[in-house]
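Summary of structural features
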Amino acid sequence: MARHDPLGNFRFRLEIDGLVVAGFSEVSIGETSVDVIEYREGNEPAHVRKLPGLRKFANVILKRGLTASMELYEWHKQVLQGQIATARRNVVVVVEDEAGADQARFVVSEAWPAKYEAGHLNAKGNEVLIETLELANEGIERVQ
């Protein structure tokens, strides 16, 4: 039987439709869930049936060091200006093994920036300024 070791969480890349964006230091893939509807008719046994309800997809959170590039902010600005139809993009998160080969792929459908944060400044600090983008979406699916 083939051995399948767990993948490290430190080697990944993002592909965003129509945007050429540098790497990200953190990506949080949101959870997916299905609401449970409890249902019972009067002539059934004394327990409820469980039916699937609405599917929910949590936001995806992207973090990277702030650069001179305005690309992510301009994407968020489209939403602020009410251009949501043109702001929707498909985002793919690709997890690589240590050799750089693709091992897992998550497709985030109809994503758009719901929240943008430029980071926290501290004159006494010694850290990188982190830019955060939170993506609302209509689907997260693992395809590989």
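Examining the pattern of salt bridges
By the definition in use, this model includes 13 salt bridges. One network of salt bridges, in which partners are shared, links R11, R13, E15, E96, D102 and R105.

Looking at helix α1 (residues 71–80)
Turning to α1, its buried residues number three or more, namely L72, W75, H76, Q78 and V79. Down the axis of α1, the buried set is contained in an arc of 145°. They therefore lie on one face. Buried-residue contacts for α1 involve β1 (12–16), β5 (60–65), α2 (84–87), β6 (89–96), β7 (102–117) and β8 (130–136). Backbone geometry just downstream of α1 places G82 in the positive-phi region, at approximately 80°.

A short note on a nonpolar patch on the surface
On the surface, I37, Y39 and L51 cluster together to form a nonpolar patch covering roughly 240 Å² of accessible area. Structurally, I37 is set in strand β3 (residues 32–39). Residue I37 is classed as partly exposed on the basis of its relative accessible area of 41%.

Looking at the nonpolar core
Counting residues in hydrophobic clusters, the biggest one holds 20 residues, and the most contacted among them are L14, I16, L62, W75, V91 and L135. Those elements that provide at least two residues to this core are β1, β5, α1, β6, β7 and β8. Once you skip the residues sitting within four places of it in the chain, W75 turns out to touch I16, L19, A87, R89, V91, A111, W112, P113, L133 and L135.

Things to note about the packing of aromatic side chains
Enumeration according to the criterion identifies 1 aromatic pair in this entry. Measuring from centroid to centroid gives 5.3 Å for Y73 and Y116, while their planes differ by 70°, and the two rings are edge-to-face. Within this pair, whereas Y73 is found in helix α1, its partner Y116 is found in strand β7, the two being separated by 43 residues in sequence. Note on Y73: relative accessible area 29%, which makes it partly exposed. The partly exposed category is assigned to Y116, whose relative accessible area is 22%. Taking NZ or CZ as reference, R64 lies 6.0 Å from the ring centre of F24, over its face.

Focus: the environment of Q78
Positionally, Q78 belongs in helix α1. In sequence terms Q78 and V36 are 42 residues apart; their C-alpha atoms lie 35 Å from each other. If near-sequence neighbours (up to four positions away) are discounted, Q78 is found in contact with Q83, I84, T86, A87 and R89.

Regarding unusual backbone geometry
Notably, E110 is not glycine yet its phi reads approximately 55°, a positive angle. By the element assignment, E110 lies in strand β7. The class of E110 is partly exposed, set by a relative accessible area of 33%.

About the thresholds
Residues numbered from 1 in each chain as written. Predicted model: local features only at pLDDT ≥ 70, side-chain atom pairs only at ≥ 80, totals over all residues. Heavy atoms only, no water. Salt bridge = Lys/Arg side-chain N within 4 Å of Asp/Glu carboxyl O. Buried < 20%, exposed > 50% of the residue type's maximum accessible area, 1.4 Å probe, protein only. Helix = DSSP H or I, 4+ residues; strand = E, 2+ residues; numbered from the N terminus. Arc of directions from axis to C-beta. Contact = heavy atoms within 4.5 Å. Patch = residues over 30% accessible without salt bridge, like charges linked within 9 Å, V, L, I, M, F, W, Y side chains within 5 Å. Areas by Shrake-Rupley, 256 points an atom, 1.4 Å probe, with all protein chains shown as cover. Core = buried A, V, L, I, M, F, W, Y, C linked by side-chain atoms within 4.5 Å. Phe/Tyr/Trp six-rings, centres within 6.5 Å; stacked < 30°, edge-to-face > 60°. Lys NZ or Arg CZ within 6 Å of the ring centre and 35° of its normal.

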